[in-house]
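Structural features, examined
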Amino acid sequence: MNHDKLKEKFVAIMQSSQLLRQGSSFLVAVSGGVDSVVLTELCYQANLRFSIAHCNFKLRGAESDRDETFVRDLAIKYEVPVYVKEFDTRQMALELKCSIQEVARKLRYEWFAALQKEQGCTATLLAHHANDNIETLLMNFFRGTGLEGLTGIKKFTPDKKAFRPLLTFTRQEIEDWAGKNHLTWVEDSSNDSSAYTRNFFRNEILPELKKKFPGVEANLLGNLKRFREIHELYQSTVSSRIQSLCEYKKDEVRIPVRKLMKGVSDALLFEIFNFGIIDVSAEQDRRAG
């Protein structure tokens, strides 16, 4: 992709997000890697009002502190505010009995949301890109997932507080654009370790798939698009089907057992209880007794 086209596409994505309005300002989550550095430069070239947020998880010793220093210098370059939060991630993982990756994700999203509210920002911008989406699709598929898990990473987080404007750009496009704009960034040495699940797919599985299927990345991105469209149709059909089963009585929503007994699939039962809005009525059994 022509590097001017990438910027134009970024601006178009931001405009279509409906986040750009008078007085809009953004919190840009910056790790120091190429993806978030490019996102920062795009915000600057697009004349967006923004500040920078950086998490130091204290997981890589001097390298973590190096990343923090780099991001602070980046804020000086762009003359924007920078906010840094340090976490004792390992200790919190022990206390919560969760993996370090799970805890780090929880900590950063909670902090971003609090900081965004505190600073009155319109949204937090995250630098996830197309290859992250591919990796997520593959991980979900091999772990086992429903249709939702095959739709990949969403543009917005569920609470609508964070937006991912780079999801349509591949890692190669991002790196090429960074080179043409003479940007510098830092590398996370932990990305070389395939001990982490995502890195295993990135470093081991996808390179092997490319040898057999050179167009695998484009094919998987096409699949993601199709899965999202299928999921929209599925949700519409499920919603309509559930409504046909529901009976409304004052403040209650019920589905009589007699209706559930008429060919309701396991998938529909899952969706019914997943909606969390109905009670299954035993009225049929009462009448029969």
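Sequence order as written defines residue numbering, which begins from 1 separately in each chain. Where totals are concerned, whole chains, interfaces and linings use all residues; where local detail is concerned, this predicted model gives features only for residues with pLDDT of at least 70, and gives and counts side-chain atom pairs only at 80 or more. Side-chain calculation: all heavy atoms of the structure are included, whereas hydrogens and water are not.

Focus on the overall build of the chain
What counts is decided by this rule: Helix numbers and strand numbers start at the N terminus; a helix is a DSSP run of H or I with at least 4 residues, a strand a run of E with at least 2. The buried label goes to any residue with under 20% of its type's maximum accessible area, the exposed label to any with over 50%, and the partly exposed label to all in between, with areas taken from a 1.4 Å probe on protein chains only. In what follows, residue pairs with any heavy atoms lying within 4.5 Å of each other are defined as contacts. Calculation of accessible area relied on Shrake-Rupley with a 1.4 Å probe; when residues are assessed, cover is drawn exclusively from the protein chains displayed. Under this rule, positive means Lys or Arg and negative means Asp or Glu; His and the chain ends count for nothing. Here the site of a charge means atom NZ of a Lys, CZ of an Arg, CG of an Asp or CD of a Glu.
When its secondary structure is counted, the chain shows 12 helices and eight strands. By principal-axis analysis of the C-alpha atoms, the chain measures approximately 75 × 50 × 45 Å. Within the chain, the fraction of its 289 residues that count as buried is 41%. Taking the contacts inside the chain whose residues are at least 6 apart along the sequence as the reference set, 69% of them involve residues at least 24 apart. Summing over all exposed atoms, the chain offers an accessible surface of approximately 16,700 Å²; the carbon and sulfur share of this is 52%. Charge-centre separation for the chain: the mean point of 42 positive side chains lies 6 Å from the mean point of 39 negative side chains.

Comments concerning the pairing of strand S1 (residues 26-29)
Applicable threshold: Note on pairing: two strands pair once DSSP finds at least 2 bridges between them. Handedness rule for crossovers: strands pointing away from the viewer, path from the first strand over the helix to the second running clockwise, crossover right-handed.
Going residue by residue along S1, you find Phe26 and Val28 tucked away on one face and Leu27 and Ala29 tucked away on the opposite face as well. In this structure, S1 lies alongside strand S2 (residues 50-56), joined through four bridges in parallel fashion. The partner of Val28 across the bridge, within S2, is Ile52. Taken together, S1, helix H2 (residues 34-45) and S2 constitute a β-α-β crossover, and its handedness is right-handed.

Focus: the pairing of strand S3 (residues 82-86)
Two elements, S2 and S3, share five bridges in a ladder whose sense is parallel. Within S3, the position partnered with Ala53 by the bridge is Tyr83. One crossover worth recording links S2 to the parallel S3 by way of helix H3 (residues 62-78), and it is right-handed.

Let's talk about the side chain of Gln116
Here Gln116 shows up in helix H5 (residues 100-119). Using a relative accessible area of 8% as the deciding quantity, one classes Gln116 as buried.

Description of the sheet that holds strand S5 (residues 162-163)
In spatial order, the strands read S3-S2-S1-S4-S5; together these five strands make up an open sheet with parallel pairing. Taken across any chain shown, the strands that pair with only one partner, and hence form the sheet edges, are S3 and S5. With two bridges connecting them, strand S4 (residues 123-125) and S5 associate as parallel partners. Note on S5: the bridge partner recorded for Leu125 is Phe163.

Remarks on the layout of surface pockets
Stated formally: Method remark: on a 1 Å grid restricted to protein atoms, a set of points is classed as a cavity if a 1.4 Å probe fits but cannot get out and as a pocket if it is open with protein on both sides within 12 Å along at least five of seven lines; lining residues have an atom within 4 Å of a point. Grid points are joined across faces, edges and corners, and a volume is the space filled by probe spheres set on the points. Residues were grouped as follows: Ala, Val, Leu, Ile, Met, Phe, Trp, Tyr, Cys and Pro as nonpolar; Asp, Glu, Lys and Arg as charged; and all remaining residues, including Gly, as polar.
Within this model, the second largest pocket holds a volume of roughly 460 Å³. Lining the second largest pocket are 16 residues, with Thr151, Ile153, Lys155, Lys225 and Arg228 positioned closest to its centre. Of all the secondary-structure elements, those providing two or more residues to the lining of the second largest pocket are helix H6 (130-143) and helix H9 (216-245). Of the residues contributing to the lining of the second largest pocket, the split by class is five nonpolar, four polar and seven charged.

A short note on H3
Note the following rule: To estimate the expected span of a helix, count its residues, drop one, and scale the result by 1.5 Å. It is the directions from the helix axis to the C-beta atoms whose arc is reported.
For H3, which comprises 17 residues, the first-to-last C-alpha distance of 25 Å matches the rise-based estimate of 24 Å (1.5 Å per residue) to within 8%. Considered for burial, the residues of H3 that qualify are Glu63, Ser64, Asp67, Glu68, Phe70, Val71, Leu74, Ala75 and Tyr78. All buried residues of H3 project into a common sector of 160° when viewed along the axis, lining one side. In H3, the exposed positions that point more than 90 degrees away from the buried face belong to Ala62, Ile76 and Lys77. Looking at the packing, one finds that the buried side of H3 touches H2, S2 and S3.

A short note on a negative patch on the surface
For the record, the criterion: In this analysis, a patch consists of residues with relative accessible area above 30% that form no salt bridge, clustered at 9 Å for like charges and at 5 Å for the nonpolar side chains Val, Leu, Ile, Met, Phe, Trp and Tyr. The working definition used for a salt bridge is a side-chain nitrogen of Lys or Arg within 4 Å of a carboxyl oxygen of Asp or Glu.
A surface patch of negative charge is lined by Glu175, Asp176, Glu187 and Asp192. Here Asp192 shows up in the loop between helix H7 (171-180) and helix H8 (197-212). Judged by its relative accessible area of 65%, Asp192 falls in the exposed class.

A word on the packing of H6 against H9
Note the cut-off: Convention adopted: a line fitted to C-alpha atoms gives each axis, helices being fitted over their contacting stretch, and angles between N-to-C directions are expressed from 0 to 180 degrees. Relative orientations are named as follows: roughly parallel for angles under 35 degrees, roughly antiparallel for angles over 145 degrees, roughly perpendicular for angles from 65 to 115 degrees, and oblique for any other angle.
It is at 10 Å that the axes of H6 and H9 come closest, and there the two elements cross at 70°. Comparing their axes, H9 and H6 come out roughly perpendicular. Residues Ala130, Asn131, Asn133, Ile134, Leu137 and Leu138 of H6 lie in contact with H9, whose contacting residues are Glu217, Leu220, Leu221, Leu224, Phe227 and Arg228. When grouped by side-chain class, the residues that make up the contact of H6 with H9 number eight nonpolar, two polar and two charged.

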